[in-house]
Amino acid sequence: MGTIVIDEKYEACRKILKEEISQKRYLHSIGVSNTAACLAMRYDADVSKAALAGLLHDCAKGLNKEELVVITQENDLEISPIERSNPELLHSKAGAILAKQKYKIDDDGICSAIYWHTTGKPDMTLLEMIIFAADYIEPNRCNIPNLDRIRKTAFVDLKKTTAMICANSIEYLKRSSKEIDRITIDTYDYYNKLSVK
Ligand code: DGI
Ligand code: FE
Ligand code: FE
């Protein structure tokens, strides 16, 4: 997938990011960025912010488990017991820190979308929901049950999409016998109740 050039800030971040993560992860990030921009157009969100948040959402994926724990602790963020036993979960919190410190993102809405992109949370902002959905539906994703239906729904009803993604993730985590974060369940409950109304 080709890159888009939104502005100088986007370009500067993209060049740093390319050196920090694997090529596969970089291509995924470009996919999320472009998809987030499309969703922002659909839902009247800020297209540049969505593209930048999508670009950087996995910027901490190049860190190892120890580094993820250290950066989170050094910035006084709490590490829950489940995050301690599954430190890969911390790449979203660590990503928000890196976005601010390394990529000089001073927009709290962008940092928060990065912070919550893995588990989601109840009552997300529009940008948080856009990044949560774009991460799941970007064009490089495959082998996900109901992916075609989730992709279509993302351009119709973002809240319903969030519930569908959470349901899939919980099913996947159960199947792989992984511990499920309480917030993943809370996010599902919140958006599932909203979408069955
Ligand atoms: O970083 P990505 O792979 O693009 O996607 P992501 O940030 O949604 O992370 C997905 C990974 O996070 C996947 O390996 C499953 C894991 N994950 C998400 N929610 C939970 C979880 N892992 C555990 N143990 N518990 C969760 O609730
Ligand atoms: Fe991620
Ligand atoms: Fe991702």
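Residues numbered from 1 in each chain as written. Chains lettered and ligands numbered in written order. Predicted model: local features only at pLDDT ≥ 70, side-chain atom pairs only at ≥ 80, totals over all residues. Heavy atoms only, no water.

Draft legend 1. Expanded view of the pattern of salt bridges. This model, assessed by the stated rule, comprises eight salt bridges. For E11, the salt bridge goes to R14, with nearest N and O atoms at 2.9 Å. Of this pair, E11 and R14 both sit in helix 1 (residues 8-20), three residues apart, roughly one helical turn. Under the relative-accessibility criterion, R14 is labelled buried at 12%. Residue D135 pairs with R141 through a salt bridge whose shortest N-O separation is 3.1 Å. A residue is classified by how much of its surface remains accessible, and R141, at 29% relative accessible area, is partly exposed. (Salt bridge = Lys/Arg side-chain N within 4 Å of Asp/Glu carboxyl O. Helix = DSSP H or I, 4+ residues; strand = E, 2+ residues; numbered from the N terminus. Buried < 20%, exposed > 50% of the residue type's maximum accessible area, 1.4 Å probe, protein only.)

Draft legend 2. Geometry of the environment of L27. Structurally, the position occupied by L27 is in helix 2 (residues 23-43). Given a relative accessible area of 34%, L27 falls into the partly exposed group. With 28 residues separating them along the chain, L27 and L55 place their C-alpha atoms 9.6 Å apart.

Draft legend 3. Quick look at the environment of R182. Checked against the element boundaries, R182 lands in helix 11 (residues 182-196). Judged by relative accessible area, R182 falls into the exposed class, the value being 52%. For the pair R182 and I82, spaced 100 residues apart in the sequence, the C-alpha separation amounts to 8.9 Å.

Draft legend 4. Here's a closer look at the layout of surface pockets. Roughly 1,200 Å³ of volume is contained in the largest pocket. If you go around the largest pocket, you meet 33 residues; those closest to its centre are K61, D135, Y136, R141 and Y172. Where the lining of the largest pocket is concerned, the elements lending two or more residues are helix 2, helix 8 (126-137) and helix 10 (158-175). If one sorts the elements of the lining of the largest pocket by residue count, helix 10 sits on top with seven residues. For the lining of the largest pocket, the per-class residue count stands at ten nonpolar, eleven polar and twelve charged. (1 Å grid on protein atoms, 1.4 Å probe; cavity = no way out; pocket = protein on both sides within 12 Å on 5 of 7 lines; lining within 4 Å. Points joined across faces, edges and corners; volume = space filled by probe spheres on them. Nonpolar A, V, L, I, M, F, W, Y, C, P; charged D, E, K, R; others polar.)

Draft legend 5. Quick look at the nonpolar core. Membership of the largest hydrophobic core comes to 56 residues, with the highest contact counts inside it found for L17, L39, L52, L55, L56 and I105. It is helix 8 that contributes the most residues to this core, nine residues altogether. Excluding its chain neighbours within four sequence positions, the residues that come into contact with L55 are Y10, C13, R14, L17, S29, I30 and S33. (Core = buried A, V, L, I, M, F, W, Y, C linked by side-chain atoms within 4.5 Å. Contact = heavy atoms within 4.5 Å.)

Draft legend 6. Seen up close, the coordination of the iron ion (ligand 3). Within the first shell, the iron ion (ligand 3) binds the protein through H28 (NE2), H57 (NE2), D58 (OD) and D135 (OD), at distances of 2.2 to 2.3 Å. Here the donor residues of the iron ion (ligand 3) are spaced in sequence according to H-x28-H-D-x76-D. Between the iron ion (ligand 3) and the iron ion (ligand 2), both coordinated by D58, there is a metal-metal distance of 3.5 Å. Linking H28 in helix 2 with D135 in helix 8, this pair joins segments that are 107 residues apart in sequence. (Donors = N, O, S within 2.8 Å, 3.2 Å for Na, K, Ca; no water.)

Draft legend 7. Representation of the site of ligand 1. Near ligand 1 you find 17 residues, and of these K61, T118, E179, D181 and T184 are the closest. Taking H28, its side chain carries an N or O atom lying 3.1 Å from an oxygen atom of ligand 1. Between ligand 1 and H91 there is a distance of 3.1 Å, counted from an oxygen atom to a side-chain nitrogen or oxygen. Contact with the protein chains removes 84% of the 570 Å² of surface that ligand 1 exposes when unbound. In a pocket analysis with a 2 Å cut-off to the grid points, ligand 1 is assigned to the largest pocket. (Near = heavy atom within 4 Å. Polar contact = N/O pair within 3.5 Å; in protein donor to acceptor, adjacent residues only side chain to side chain. Areas by Shrake-Rupley, 256 points an atom, 1.4 Å probe, with all protein chains shown as cover. Sits in = over half its atoms within 2 Å of the grid points.)

Draft legend 8. Spatial organisation of the packing of helix 6 (residues 91-101) against helix 7 (residues 108-115). Here helix 6 crosses helix 7 at 155 degrees, and the two axes come no closer than 7 Å. On the basis of the axis angle, helix 6 is roughly antiparallel to helix 7. In the crossing of helix 6 with helix 7, the sense of the turn from one axis to the other is right-handed. Of helix 7, the residues touching helix 6 (which contributes S92, K93, G95, A96, A99 and K100) are D108, C111, I114 and Y115. (Axes fitted to C-alpha atoms, helices over the stretch in contact; angles between N-to-C directions. Parallel < 35°, antiparallel > 145°, perpendicular 65-115°, else oblique. Left-handed = near helix turned anticlockwise from the far one by under 90°.)

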